[in-house]
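Residue strings, one per chain:
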Amino acid sequence: QVQLVESGGGLVQAGGSLRLSCAVSGIIFSFNDMAWHRQAPGKQRELVADITSGSRTSYADSVKGRFTISRDNAKNTLYLQMNSLKPEDTAVYYCIAKVRNGATMQRRDYWGQGTQVTVSS
């Protein structure tokens, strides 16, 4: 069973920081690309950041320079360090594992339940 469990969300003032964690089980974590998405009220879901199995990273323009995605393969954990938070960062943040089926070579995304981040002004 694939499980992704996010933690670290909460309420923070603008300019503050949070670190989100995603504990992953049921897959060979180090083999898989991972990502963080978010969905704000009334807005489309968007990719925040992703990281490949080789630790290559990319970011949405809106968070570049403020957020850092990282992974600890020894702990099967994905992180999102969020600095200089803005009210527009308020959203539910989701951890995603991009899992490739070994038999079919098709990709299936597994999602966590999400963690709420609220940034007050």
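Here the structure is shown first, and the text comes after it.
Residues numbered from 1 in each chain as written. Predicted model: local features only at pLDDT ≥ 70, side-chain atom pairs only at ≥ 80, totals over all residues. Heavy atoms only, no water.

Undergrad: Can you tell me about the packing of aromatic side chains, naming the residues and giving the values?
TA: Counting across every chain of the model gives one aromatic pair. Taking 5.7 Å as the distance between ring centres and 70 degrees as the angle between the ring planes, the aromatic pair formed by Tyr 94 and Trp 111 counts as edge-to-face. Residue Tyr 94 is located in strand 9 (residues 91–100), and its partner Trp 111 is located in strand 10 (residues 107–111); the two are separated by 17 residues in the primary sequence. Here Trp 111 falls in the partly exposed class, since its relative accessible area comes to 32%. Its end group placed over the ring of Phe 29, Arg 71 keeps NZ or CZ at 4.4 Å from the ring centre. (Phe/Tyr/Trp six-rings, centres within 6.5 Å; stacked < 30°, edge-to-face > 60°. Helix = DSSP H or I, 4+ residues; strand = E, 2+ residues; numbered from the N terminus. Buried < 20%, exposed > 50% of the residue type's maximum accessible area, 1.4 Å probe, protein only. Lys NZ or Arg CZ within 6 Å of the ring centre and 35° of its normal.)

Undergrad: Report on the side chain of Asn 32, specifying residues and quantitative values.
TA: One can find Asn 32 in the loop between strand 3 (18–25) and strand 4 (33–39). Overall, the relative accessible area of 8% leaves Asn 32 in the buried class. Engagement of the side chain of Asn 32 in a polar contact is seen with the backbone oxygen of Lys 98, the distance being 3.4 Å. Sequence-distant contacts of Asn 32, defined by excluding residues within four places in its chain, comprise Ile 27, Thr 52, Ser 53, Arg 71, Lys 98, Val 99 and Arg 100. (Polar contact = N/O pair within 3.5 Å; in protein donor to acceptor, adjacent residues only side chain to side chain. Contact = heavy atoms within 4.5 Å.)

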